[in-house]
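# Topology and contacts: notes
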Amino acid sequence: MSERVLVGAGVGTGVSIAPAFIYRSERYVPWDSEAKGSTRGLLAIRAALADVAKEIEEARAETDDESADILDALKLVLEDQSLMESIKVRLADGANSQRAVMGAFKLAAEALAQLGEYFAERSNDITELGERVIDKLTGKEDLIWPTDPFVLVTDNLGPLEMVKLHKSSIVGLVSSLGSPTSHTSILARGMNLPTVVSVSGTEFIQSGEQLIVDSSSGQVLVRPDQLELDQYSKAAQDSKPELGLSIEELNLPVKLYANLGSSSEVDAALAFGAQGVGLFRTELLFLGEKTAPSLDTQVLEYSRLLEQFPDQVVIVRVLDLDTDKPLPFLKLTEKGKYANRGFQALLSNPEALITQLTALSLASKKYPSAKLWVMAPMVSTAEQAVEFVSMANQLGLETVGVMIEVPEVCEPDVLERIVEAVDFLSIGTNDLTQYTLNHDRMDSPLPVSEVRSPEVLKLIERVSRACVKAGKPIGICGEAASDLVSAKLFIEYGVTSLSASPALLPSLARALRL
Ligand code: PEP
Ligand code: MG
């Protein structure tokens, strides 16, 4: 398996594979030595504004309609008379040209930010526009991009920087900040550039390391293994949304569901023919935040998801906290194996769990035709499974299950009690493999094929057959679900669904058709 899988919000549908090129945007206000408020300063500013406007015009000629609208709006800002007046006032007050430009753009950005949340995002574009004008003024050299295909890994990228990349060999974009609805993301979608924004852990990526950017699932695989490279290379080549293939129409022995990390990936899931969602990881709502996401924020996100899947199963997993990514607003405990992961970590933070389950219940009431199933990760005893089901039921959630990710819950007597308590089970093969083989997946990567070690397969078979006997659905949602050899074995054991990155579903469907 890849060394690390980083998660974020995917933009668009594609997959790209290339080495990382790291670019951290620097934000600073340079000084020049020119005399206060000189006419020379004003002329230079006019020339810099015109240069940036020309760059935008050039980029506009090569974009789609939506991107062109964004670029037109940016150009209008550059030509705005009140902006020029604001610059002149500052020059007359004695500011040098950089300060005058920075001050005027800052004022314009602040005015926009005050109009509310949507405009706040746009106001960053104006700040970036000012920085670009200053770059021109100071003659700061443009970066030299690699000539070979590369994935740009950055903290943040404004729309103008995005535009400059148009002619480079960029094939994918990963940023630690940003949102799927920002102008940069819209431009990236217009360029058909596989993009994942709001990614935690980009600091772990080294320049030149091989990356797979899977915008359909919001995942970035760092140093993938050969199996992953083969799967995703195929997906990158042939799994464009215009597949001419309806998974629904193929005669498949199991349901094929999508693994998603945010509602921004729903379009990709639908385009690739997902028959539902087998794993909606909710970590992204929490990661990188200083305070817990509010009930309203969560209801909105879950509603966006459920709205798009009428009559289909959508399995949402409650927060899977990992000590790798501690959150400032959640308590950690030191006691017990798996104490700071998944359901056990939530038990130490009951208010977070109750808010999340309440939000899911409210979203489900808004979109009752989607079949919402809710599950808890890293459950390690039968008592925990019983407790989770009871909490979720009390909060109005009807279909409740747990993930099988640790060997302890595969012990026959524990398993029997769990199967009896839940409505469905889902096997997380990534964790089940590492914990069964006693191999830390953070320390060194484990090939996906290790799931076929006899010790692990024995557990998967036992869990699957127990569910079949009880007439309860059993899914596989770890990476092994998309490994064809493993998938066929799981189907023999009786699993009812396989869940994988949307981009991998078409090739899996073709291979599994009866
Ligand atoms: C798994 O462990 O297989 C799984 C799906 O969970 P995650 O990869 O999010 O830990
Ligand atoms: Mg897991």
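Residues numbered from 1 in each chain as written. Chains lettered and ligands numbered in written order. Predicted model: local features only at pLDDT ≥ 70, side-chain atom pairs only at ≥ 80, totals over all residues. Heavy atoms only, no water.

## Comments concerning the site of ligand 1
Here is the rule: Throughout, the term near means that a residue has one or more heavy atoms lying within 4 Å of the molecule or strand in question. Polar contacts, as counted here, are pairs of nitrogen or oxygen atoms within 3.5 Å of one another; within protein the pair requires one atom able to donate a hydrogen and one able to accept it, and residues that are adjacent in sequence qualify only if both atoms are side-chain atoms. Working definition of accessibility: Shrake-Rupley area with a 1.4 Å probe, residue cover restricted to the visible protein chains. Secondary structure is summarised from DSSP: a helix means a run of H or I of at least four residues, a strand means a run of E of at least two, and numbering begins at the N terminus for each.
The environment of ligand 1 is made up of 14 residues, and the closest members are R281, R317, E405, G428 and N430. In the environment of ligand 1, an oxygen atom lies 2.9 Å from a nitrogen or oxygen atom belonging to the side chain of R317. One nitrogen or oxygen atom from the main chain of G428 is found 3.5 Å from an oxygen atom belonging to ligand 1. With the chains in place, 94% of the 290 Å² that ligand 1 exposes on its own is no longer accessible. Those elements that provide at least two residues to the shell around ligand 1 are β10 (276-281) and α16 (429-436). With three residues, α16 is the largest single contributor of residues to the shell around ligand 1.

## A word on α16
The line we're drawing: To sort residues, take the accessible area from a 1.4 Å probe on protein chains only and compare it with the maximum for the residue type: under 20% means buried, over 50% means exposed, and anything in between is partly exposed. Contacts were defined at the residue level, with two residues in contact if any of their heavy atoms lie within 4.5 Å.
In terms of burial, α16 is largely enclosed, as six of its eight residues are buried. Among the residues of α16, those classed as buried are T429, N430, D431, L432, T433 and Q434. Contact partners of the buried residues in α16: β10, β13 (399-404), β14 (424-427), α17 (454-470), β15 (474-476) and α18 (484-493). Looking one or two residues past α16, N438 carries a phi angle of roughly 55 degrees, positive in sign.

## Regarding the sheet that holds β15
Selection rule: Paired strands are those between which DSSP finds at least two bridges. Where helices are involved, their axes are fitted lines through C-alpha atoms of the stretch in contact, as for all axes, and angles between N-to-C directions lie from 0 to 180°.
Ordered by their spatial adjacency, eight strands build a closed barrel running β9-β10-β11-β12-β13-β14-β15-β16, and the pairing between neighbours is parallel. The sheet shows a mean angle of 25 degrees between the axes of neighbouring strands, direction not considered. Contacts between helix α13 (residues 350-366) and the sheet are confined to β11 (313-317) and β12 (371-376), with β12 contributing the most and set at about 170 degrees to the helix. Across the sheet, α17 touches β13, β14 and β15, and the angle it forms with β14 is around 160 degrees.

## Side note on the domain arrangement of the protein
Many authors give the size of an interface as the accessible area that is lost as the parts come together. Stated precisely, the cut-off is as follows: Start and end positions for the domains come from either an automated domain assignment or a database one. Note on definitions: buried area is the accessible-area loss of two parts on being combined, 1.4 Å probe, summed for both. For salt bridges, the criterion is a side-chain nitrogen of Lys or Arg within 4 Å of an Asp or Glu carboxyl oxygen. Side-chain classes are defined by residue name, with Ala, Val, Leu, Ile, Met, Phe, Trp, Tyr, Cys and Pro counting as nonpolar, Asp, Glu, Lys and Arg as charged, and the others, Gly among them, as polar.
We note that the domain assignment places domain 1 (6-24 + 143-214), domain 2 (39-138) and domain 3 (244-512) within the protein. Between the C-alpha centres of domain 1 and domain 3 there is a distance of 28 Å. Contacts between domain 1 and domain 3 engage eleven residues on the former and ten residues on the latter. Across the interface of domain 1 and domain 3, roughly 800 Å² is buried in total on both sides, 61% from carbon and sulfur atoms. At the surface where domain 1 touches domain 3, the tally comes to zero salt bridges. Linking domain 1 with domain 3 are three residue pairs in polar contact (both at pLDDT 80 or more), by the criterion used here. In terms of residue class, the side of domain 1 that touches domain 3 is built from four nonpolar, six polar and one charged.

## Concerning the pattern of salt bridges
Following the criterion strictly, the structure yields 19 salt bridges and no others. Two residues, R60 and D72, come together in a salt bridge whose shortest N-O distance is 2.5 Å. Within this pair, whereas R60 is found in helix α1 (residues 39-60), its partner D72 is found in helix α2 (residues 65-79), the two being separated by twelve residues in sequence. Judged by its relative accessible area of 35%, R60 is partly exposed. Linked by salt bridges that have partners in common, E283, R317, D320, R341 and D431 make up one network.

## Description of the environment of Y23
As for its position among the elements, Y23 is in strand β3 (residues 15-23). Here Y23 falls in the buried class, since its relative accessible area comes to 13%. Separated by 201 residues in the primary sequence, Y23 and P224 have C-alpha atoms spaced 21 Å apart.

## What to know about the coordination of the magnesium ion (ligand 2)
Condition: Because water is not among the atoms used, a metal site may look incomplete, as its donors are only the N, O and S atoms within 2.8 Å, or 3.2 Å for Na, K and Ca.
In the first shell of the magnesium ion (ligand 2), the protein supplies E405 (OE) and D431 (OD), at 2.0 to 2.1 Å from the metal. On the criterion of sequence distance, the pair formed by E405 in the loop between β13 and α15 (412-421) and D431 in helix α16 is long-range, its members being 26 residues apart. In this structure E405 comes out as buried when scored by relative accessible area, which is 2%. The class of D431 is buried, set by a relative accessible area of 3%.

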